[in-house]
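For reference, the chains in residue letters:
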Amino acid sequence: MHLRTRLKHLALAGAALAVVTASLPGAAAADSGDRGHHPSDRGLSAVIRYTEYGIPHIVARDYANLGFGTGWAQAADQVCVLADGFLTVTGERSRYFGPDAAPDGSLSSATTNLSSDLYFRGVRDAGTVEELLRTPAPAGPSGDLEELMRGWAAGYNAWLRKNRITDPACAGADWVRPVTALDVARRGFAVSVLGGQGRAVDGITAARPPAAPPAAPTAGAVPDPDDTAAAAKALFAAENATMGSNAVAFSGATTAGGRGLLLGNPHYPWQGGRRFWQSQQTIPGELNVSGASLLGTAVVNIGFNDKVAWSHTVATGVPLNLHQLTLVPGDPTAYLVDGRPERMTPRTVSVPVKDGAPVARTQWWTRYGPVVGGLGAQLPLPWTTTTAYALNDPNAANLRGSDTALGFGKARSTNDVADVLRRTQGLPWVNTIAADAAGHTYFGQSQVLPRITDELALRCSTPLGRATYPASGVAVLDGARSDCALGSDPDAVQPGIFGPARMPVLRDAPYVENSNDSAWLTNADRPLTGYERVFGTIATPRSLRTRGGVEDVAAMAGRGRLTVADLQRQQFANRAPAGDLAAADVAAACPAALPDAPDACRALAAWDRTVNTDSRGALLFDRFWRRFTASVPSAQQWLVPFSATDPVRTPRTVNTTAPGFAKALADAVAELRAAGIPLDAPLGDHQFVVRGGQRIPVSGGTESLGIWNKTESVWNAAGGGYVEVAHGTSHVQAVGWDGGRCPVARTLLSYSQSSNPASPHYSDQTRLYAGERWVTSRFCEKDILRSPALRVVVVRG
């Protein structure tokens, strides 16, 4: 940088910091009567220093002011996505977009706006979030978090007042409106219940008692246990999820400097309200953390500071259970507990609808939770004259997740990370993987889960539950017996959940790794056992992504002397474990299966077993493998079956004689030919995103191939192949320490910081991602002030 320009930047930044540390007033007092619900921005200010790729470094003197700066900066990048999400949690989608359109799926599983609104307006009408806000910590949110949320809402509103929206997604829209701190908390609630009530929104809002009692129970109304167990297993399977992740931490015993390393690779949607957003948050002397936040969140959810780095992976713990109700004869809205009748509580919800009269529906609640008519279309739970099902979601009493993240931001060691998890118990559906500058590693499946012990499930499962619990971890308990209540652990912060002592934990292993399988193979040399089935399985087949990940990181740990550069190489190694296991055998069997397609056989034989953009044959194998694994039962896919004594190397040897093998191969060839795609075309020619009218080739591959750098794309043969990424690699961080004051960190936000096509940060990091290049994190002041892109903004209420 030219010396004069650098001095100018230093002067600007120094003056701005002086404003923060010396002249800004304290957080303004909230208006009396409704603290936190109607945020005032009087006196609130923050300094935002923008560096390369639009990453803001937010400095404030306290939590309210930090929230103010964070809300302002998020609005600047993502105002339309944020505003859309606030319509969701206030239950007003049908008013503006009509009842039949579909939400983006980021805050619940609702398939229509009406279903979404009925659920979230029901949460509003019941005062659920307000009650949680009134709950004292640690069961409820901390005062610091409430101040952050109050400030966030004020900052968002201040940005709306002072700026013109240029994003065509909502420019001029009357649904973009100010929000309250309560709205921010409601959004946090929605994220918390994503795996529970949020998974069952359609089932909650559509559940109806039978209209008239028939002479006998409806034939076929009782769910088939085996079919339901299979549906539940598929519902909670990682390969069917739209969120996942990889993360690995290496101990000092494996690294070049004896300090820890962490690679975090969350797999999240590329569009909509579940995107990540990067920032650094600083309160001098109190907090200094960098990383990624879920949109609408006032804290850094995944990140690092000068001593600790952490990431999350979506866990296998099942954060819900069902209670099968025995109904009172002749009254389907009353149920028996120990022979005594209890009435369900009706909650009638009215939703305003665009161009129509309001729609009213009644939801039915029990001591266990809402009556639910199913968990998605594939898992119906019929409400008959004799039986109904109630859903228990312990995360409906949990607003502590952001306090967990806030605690991580202030942690100084992996011991502190463990202590934060013990104190807050706020994570609803993720594992935690962490490393620190002293060389320690940590894995913990610290989830808010219903306290379903294997003993309780054995004693209290209904016939349906005896099928679903072993298969999927979904317990169906006898709701007619009070001795089947969940109970409590003495170290749990709320009733009915597991305490920290019961959770799978592994400390100070040479590596800890998770790719969305259970905790069992966190380290293949130190398997974790002894946990209850609701947390996940033990000694069962692992996904190809887990198997490939364990192979890779175990080999890295064995080589030793690792650095951040090794983490970067692992992220973009793009090895296809399915290819390593099967491609040679598929190519060998190809001539007999496809005698008229020698070019297909040559392409498969020549494939380099990677999913780089220049890999030829990768697309053909991918389209074949998807068909093969979808059409051939898993037990018939391999000749060597799974062995719990060799879980990383089994099953193996693809079964090329399996019924469906030849058809899957022929159909893949026919598909590509019909689309005019050469069978040996480079992957990047047909796996890309379009930004600013230009194609950007992207590497990576699907879950079924076992790719670490996961890319689940939208297939459109007429459009050229994979034309957009639905979900996959999102915010990546490779973090270590070299003995200096600053962490050594490289980051990458695959879909970029802003969803506004008019923003310069709409696709800049997407191009970095396509080129497998990284952002050098600017954590310390000296590095921030040296940024050639430094731009200082002082934001005020």
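Residues numbered from 1 in each chain as written. Predicted model: local features only at pLDDT ≥ 70, side-chain atom pairs only at ≥ 80, totals over all residues. Heavy atoms only, no water.

Caption draft 1: Spotlight on the layout of surface pockets. Looking at the second largest pocket, its volume works out to about 730 Å³. Along its surface, the second largest pocket is lined by 30 residues, and Arg367, Tyr368, Asn392, Asp393 and Ala397 are the ones closest to its centre. Breaking the lining of the second largest pocket down by element, the ones donating at least two residues are α4 (113–126), α5 (128–134), β13 (356–365) and β14 (387–392). Here the lining of the second largest pocket is built from residues that sort into 16 nonpolar, ten polar and four charged. (1 Å grid on protein atoms, 1.4 Å probe; cavity = no way out; pocket = protein on both sides within 12 Å on 5 of 7 lines; lining within 4 Å. Points joined across faces, edges and corners; volume = space filled by probe spheres on them. Helix = DSSP H or I, 4+ residues; strand = E, 2+ residues; numbered from the N terminus. Nonpolar A, V, L, I, M, F, W, Y, C, P; charged D, E, K, R; others polar.)

Caption draft 2: Representation of the packing of helix α2 (residues 63–89) against helix α7 (residues 181–192) within the structure. Closest axis-to-axis distance for the α2/α7 pair is 9 Å, and the angle between their directions is 80°. Comparing the axis directions of α2 and α7 gives the class roughly perpendicular. Where α2 approaches α7, its residues Val81, Leu82, Gly85, Phe86 and Val89 are matched on the opposing element by Asp183, Val184, Arg186, Arg187 and Ala190. (Axes fitted to C-alpha atoms, helices over the stretch in contact; angles between N-to-C directions. Parallel < 35°, antiparallel > 145°, perpendicular 65-115°, else oblique. Contact = heavy atoms within 4.5 Å.)

Caption draft 3: Inspection of the pattern of salt bridges at higher detail. Inspection of the entire model under this criterion finds 35 salt bridges. A salt bridge links Arg95 to Glu92; the nearest nitrogen and oxygen atoms lie 2.8 Å apart. The closest approach of N and O atoms between Asp489 and Arg502, which form a salt bridge, is 3.2 Å. In this pair, Asp489 sits in the loop between β17 (476–478) and β18 (505–507) while Arg502 sits in the loop between β17 and β18, placing the two residues 13 residues apart along the sequence. A relative accessible area of 30% means that Arg502 is categorised as partly exposed. Ionic contacts of the salt-bridge type, sharing partners, join the residues Arg451, Asp489, Arg502 and Glu532 into one network. (Salt bridge = Lys/Arg side-chain N within 4 Å of Asp/Glu carboxyl O. Buried < 20%, exposed > 50% of the residue type's maximum accessible area, 1.4 Å probe, protein only.)

Caption draft 4: Representation of the environment of Pro463. Mapped onto the secondary structure, Pro463 falls in helix α13 (residues 463–472). For Pro463, a relative accessible area of 53% gives the class exposed. Along the chain, Pro463 and Val476 lie 13 residues apart, while their C-alpha atoms are 8.5 Å from each other.

Caption draft 5: How the structure looks around unusual backbone geometry. Cis peptide bonds are those with omega within 30 degrees of zero, and the linkage from Ala137 to Pro138 qualifies with 10°. Position of Pro138 among the secondary structure elements: in the loop between α5 and α6 (143–162). Here the residue pair Thr650 and Pro651 is connected by a cis peptide bond, since its omega of -5° sits within 30 degrees of zero. Structurally, Pro651 is set in the loop between β20 (638–640) and β21 (652–654). Although it is not a glycine, Arg609 sits at a positive phi angle of roughly 65°. For Arg609, the position within the fold is in the loop between α17 (598–606) and α18 (618–631).

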